[in-house]
Amino acid sequence: MGSDINTGTLAKLKEVVPHQIGDNRRWSEDIVNTLVTFVAGIAAERIGFVHVTTEIALIPDQLEYSLPTNFISVTRAEYNPDSADAREIMPATLRDFDNASGAWRNTKGLRPEQYALVGTPGSPDCVVYFQPVPSAAGDVKLTGVGTTSDEVMDDVQDKFLVPYVLSLLYAGDELDLTMDYYNEAMDGADDLRRLYADETMEGI
Amino acid sequence: MATWGSLRSTFYTLVGDVAGSNIFFTPAQVRGFANKALRDAGQKTFYKDYEYTGTAPADSAGVAVGDVYAPWRGESDISGTSQVMTATTMERILKGHLNWASTRGTLREYYTDQRRSGAECAVGFYPKPGADTDIRFYFYAVPDEVDDAELNINVDIPAWASAAILFHMLYQAYRIDSKKRDISVSGYYKMLYNDVIDSLTVRVNSKIVRKADSRHRVRNQFDLISRSPSPWS
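These numbers come from a predicted model, not from an experiment.

**Details of the overall build of chain A**
Turning to step 1, where the next piece is worked out: Tallying secondary structure elements over chain A gives 5 helices and 12 strands in all.
Turning to step 2, where the next piece is worked out: Over its C-alpha trace chain A gives a radius of gyration of 21 Å, far above what one expects of a compact globule, namely 17 Å for 204 residues.
Turning to step 3, where the next piece is worked out: Dimensions of chain A, computed from C-alpha atoms along their principal axes, come out at roughly 65 × 35 × 30 Å.
Turning to step 4, where the next piece is worked out: When the 204 residues of chain A are sorted by exposure, 50% land in the buried category.
Turning to step 5, where the next piece is worked out: When contacts within chain A are restricted to residue pairs at least 6 apart in sequence, long-range pairs at least 24 apart make up 72% of them.
Turning to step 6, where the next piece is worked out: Approximately 9200 Å² of chain A is accessible, and the part contributed by carbon and sulfur atoms is 46%.
Turning to step 7, where the next piece is worked out: The centroid of the 15 positive side-chain charges in chain A is displaced by 4 Å from the centroid of its 34 negative side-chain charges.

**Some thoughts on the packing of helix α2 (residues 29–47) of chain A against helix α5 (residues 175–196) of chain A**
Packed helix pairs are specified by the crossing angle of their axes together with the interaxial distance, meaning the distance between the axes.
Residues and elements named next belong to chain A.
Turning to step 1, where the next piece is worked out: Axis separation between α2 and α5 bottoms out at 9 Å; the angle between their running directions is 50°. The angle between α2 and α5 falls in the class oblique. Considering only the axes of α2 and α5, their crossing is right-handed. Of the residues in α5, those in contact with Glu 45, Arg 46 and Ile 47 of α2 are Met 186, Ala 189, Leu 192 and Arg 193.

**Some points on the sheet that holds strand β11 (residues 138–146) of chain A**
Residues and elements named next belong to chain A.
Turning to step 1, where the next piece is worked out: Spatial strand order, β2-β11-β4-β5: 4 strands in an open sheet with antiparallel pairing. Both edges of this open sheet fall to β2 (51–58) and β5 (87–88), since each of them pairs with a single strand only.
Turning to step 2, where the next piece is worked out: Here 7 bridges tie strand β4 (residues 71–79) to β11, and the two strands are oriented antiparallel to one another. Its bridge partner lying in β11, Phe 71 is registered against Gly 146.

**So, the pairing of strand β7 (residues 121–126) of chain B**
Residues and elements named next belong to chain B.
Turning to step 1, where the next piece is worked out: The element β7 is largely enclosed, with a buried count of 6 among its 6 residues.
Turning to step 2, where the next piece is worked out: Residue alternation in β7 divides its side chains into two sets, Cys 121, Val 123 and Phe 125 and Ala 122, Gly 124 and Tyr 126, and both sets are buried.
Turning to step 3, where the next piece is worked out: Relative to β7, strand β2 (residues 62–65) is paired through 4 bridges, and the arrangement is antiparallel. Looking across to β7, one finds that Val 65 is bridged to Cys 121.

**Let's talk about the sheet that holds strand β3 (residues 64–66) of chain A**
All names here are of chain A.
Turning to step 1, where the next piece is worked out: Spatially, β3-β9-β8-β6 is the arrangement adopted by the 4 strands of the open sheet, whose pairing is mixed. The sheet terminates laterally at β3 and β6 (90–91), the two strands that pair on one side only.
Turning to step 2, where the next piece is worked out: Relative to strand β8 (residues 114–118), β6 runs parallel, the two sharing 2 bridges. Bridge pairing in β8 places Pro 91 opposite Tyr 115.

**Some thoughts on the interface of chain B and chain A**
How big an interface is tends to be reported as the loss of accessible area on association of its parts.
Turning to step 1, where the next piece is worked out: With 47 residues of chain B at the interface, the matching set in chain A holds 44 residues.
Turning to step 2, where the next piece is worked out: Contact between chain B and chain A buries roughly 3700 Å² in total, counting both sides, with carbon and sulfur atoms accounting for 58%.
Turning to step 3, where the next piece is worked out: Put simply, chain B and chain A have 4 salt bridges between them.
Turning to step 4, where the next piece is worked out: In this structure, Asp 98 of chain A and Arg 73 of chain B form a salt bridge, with 2.6 Å as the shortest nitrogen-oxygen distance.
Turning to step 5, where the next piece is worked out: Linking chain B with chain A are 12 residue pairs in polar contact (both at pLDDT 80 or more), by the criterion used here.
Turning to step 6, where the next piece is worked out: Of all the secondary-structure elements, those providing two or more residues to the side of chain B that touches chain A are α1 (4–14), β1 (49–56), β3 (68–76), β9 (133–141), α4 (163–173), α5 (183–207) and α6 (209–221) of chain B.

**As for α2 of chain A**
Given 3.6 residues per turn, any residue in an α-helix points the same way as the ones three and four places further on.
Turning to step 1, where the next piece is worked out: Spanning 19 residues, α2 of chain A covers 25 Å between terminal C-alpha atoms, matching the ideal 27 Å at 1.5 Å per step.
Turning to step 2, where the next piece is worked out: One or two positions beyond α2 of chain A, positive phi appears at Gly 48 of chain A, with a value near 70°.

Rules used throughout
Residues numbered from 1 in each chain as written. Chains lettered and ligands numbered in written order. Predicted model: local features only at pLDDT ≥ 70, side-chain atom pairs only at ≥ 80, totals over all residues. Heavy atoms only, no water. Helix = DSSP H or I, 4+ residues; strand = E, 2+ residues; numbered from the N terminus. Rg over C-alpha atoms; globule rule 2.2 N^0.38 Å. Buried < 20%, exposed > 50% of the residue type's maximum accessible area, 1.4 Å probe, protein only. Contact = heavy atoms within 4.5 Å. Areas by Shrake-Rupley, 256 points an atom, 1.4 Å probe, with all protein chains shown as cover. Lys, Arg positive; Asp, Glu negative; His and termini not counted. Charge placed at Lys NZ, Arg CZ, Asp CG, Glu CD. Axes fitted to C-alpha atoms, helices over the stretch in contact; angles between N-to-C directions. Parallel < 35°, antiparallel > 145°, perpendicular 65-115°, else oblique. Left-handed = near helix turned anticlockwise from the far one by under 90°. Pairing = 2+ DSSP bridges. Buried area = accessible area lost by both parts, 1.4 Å probe. Salt bridge = Lys/Arg side-chain N within 4 Å of Asp/Glu carboxyl O. Polar contact = N/O pair within 3.5 Å; in protein donor to acceptor, adjacent residues only side chain to side chain. Expected span 1.5 Å × (residues − 1).

Function cannot be read off these values alone, since they describe shape.
See the structure below:
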């Protein structure tokens, strides 16, 4: 079961603190929705329940490609994913590129074999380098952990978003309650991570 | 992504203040909180990279670059064979090269110790270039400051970690000498901030393992106790 991250979490918060959210109430819906948006990023990183993808169209001789800001990390890269010549592209560093070829910026090939990131995923200036530099058009599909502003599971809302947002709402007034809600969110995150971060259940 | 406008209005709401009336905190104070938070996050995690390209004139001792902390990679002759430069220190150059000051040639190494004289990061070359040479450096960069004239611009931090800036602003707001001072609340927000920063550090370091390695080498250059990198580093 799931619902929109903002409207769903807001509805659940209204059940926990009835008559306190809305016009002329203790907290406005605007501030609650804004906090849900902030906390959603933390939830996505900590729990790892959202997997995002993007398709990059390779341009001959182009070295750098922007990574969308909804990525938190890149976990898989595939060349021409839906074709017979599909291949995995391996993660690497610029140092690895150096080790392969000192002139890697000028080394061109039909199919990228490695990729490296410069900048941190989530930043608008994060870029992906491919090696060898593509000499022909093609597609690269990147998959990773990311963020969402759409539907999320009820569990994520109940066990992390609701208590975390409540901890922020109460922080200036009732610190004991704040800590209690924060601890509830951390416990919830542990449970959720076991459930959703690696759904093959390996390594648990 | 969080814009500076949304971050600022959220801050004012959570501290019980209103932007415009500013009973407790002026816009300049709040802007200062945010910029201090951005610098702190940048220094703790090195989440922002900056690629600098330019030309090193013949005989130049180095280059100075603003709004960066330290270089983590250097390349010379970038339009030709693109030679990678390795990080070193002035201490090491002095010990290893008798005629270091008069040596000219292809850029092979760079250093940053004993060069900074102002706000800019000064990078020295060894040897000095014998001819004009194109260079490229990658730096750990200082995040862009927020500006009240640009409320719709996204705050310069990975989108998912935007809350860290809000938390650090609130930590400062409840800590400074004001009617809002409450050290317990301040400590709570600092804990939240540290928590997000820890996650961001992990994301930065797990992104490129070798970057962590080169950062370690750069840090050695500023280690005042052991001025030179240890022989096994």
